[in-house]
Amino acid sequence: MSDPGPKDANPKDPNPLVRRVDALLRRRQDPGVGGEVPVLTEIVQDETGRVRRVDPAALEALARELERAVLERLGPEIERVIEARLGRALIQVLGQAQESVRTELTGSVTQMVREAVAASVAHALAPPKQD
């Protein structure tokens with residue numbers, strides 16, 4: 001916007017901004033001037049704000065491409081997280097299985113030793129066989 005001419009200048013207002021606002025208000029009141037410049041009190045239609053209809057096939061293709069791109073970028077991280085969780089789960093399960101096997105083996109060996117000692121004692125206490 002150009003600086004208003006001397007006819008628009010108000011000698012009481014030395015501020016150029018005030019002079020420009022006055023000139024704009026005078027132009028707005030002048031019936032000979034077209035309203036090509038909107039002012040703050042006018043509503044301007046925004047042509048770019050219209051909702052455009054999206055093709056469902058294009059939307060589906062975009063969704064597939066987005067999914068592929070996300071999985072491509074996150075793939076290594078997903079694998080690392082799965083391996084870490086699987087490793088922890090396996091360690092826990094194997095620890096429990098090992099404890100269970102240890103308990104079972106301890107019981108079995110103890111039982112076998114008792115049976116062997118009992119058989120040995122029974123054999124030692126048995127009367128000698130006569131041939």
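Everything quoted here is computed from the prediction, not taken from an experiment. (Residues numbered from 1 in each chain as written. Predicted model: local features only at pLDDT ≥ 70, side-chain atom pairs only at ≥ 80, totals over all residues. Heavy atoms only, no water.)

## Some remarks on the overall build of the chain
Applied cut-off: To qualify as a helix, a DSSP run of H or I must reach at least 4 residues; to qualify as a strand, a run of E must reach at least 2; elements of each kind are numbered from the N terminus. Type-normalised accessible area, obtained with a 1.4 Å probe on protein chains alone, sets the label of each residue: buried when under 20%, exposed when over 50%, and partly exposed for intermediate values.
Regarding its fold elements, the chain presents two helices and zero strands. Looking at the 131 residues of the chain, the share that counts as buried comes to 5%.

## Considering the pattern of salt bridges
Side chains that carry opposite charge are capable of pairing whenever their charged atoms lie near each other. Using the following cut-off: A pairing counts as a salt bridge when a side-chain nitrogen of Lys or Arg comes within 4 Å of a carboxyl oxygen of Asp or Glu.
Counted according to the given criterion, the structure contains five salt bridges. In this structure, glutamate 60 engages arginine 64 in a salt bridge whose closest nitrogen and oxygen atoms are separated by 3.7 Å. Of this pair, glutamate 60 and arginine 64 both sit in helix H2 (residues 56–125), four residues apart, which is roughly one turn of that helix. Its salt-bridge partner being glutamate 99, residue arginine 102 comes within 2.5 Å of it at the nearest N-O pair. On the criterion of helical spacing, the pair formed by arginine 102 and glutamate 99 is a turn pair, its members being three residues apart in helix H2. Its relative accessible area of 46% is what places arginine 102 among the partly exposed residues. Glutamate 99 sits in the partly exposed class, given a relative accessible area of 39%. Through salt bridges that share partners, Glu65, Arg68 and Glu72 make up one connected network.

## Some details on the confidence of the model for the chain
Put simply, the rule reads: pLDDT expresses how confident the predictor is about each individual residue, on a scale running from 0 to 100. Throughout, a residue-residue contact means that at least one pair of heavy atoms, one from each residue, lies within 4.5 Å.
Taken over all residues, the pLDDT of the chain has a mean of 80, while the share at 70 or more is 72%. Across residues 1–6 the pLDDT falls below 50, and counting only partners more than four positions away or on other chains, this stretch makes eight contacts in the model.

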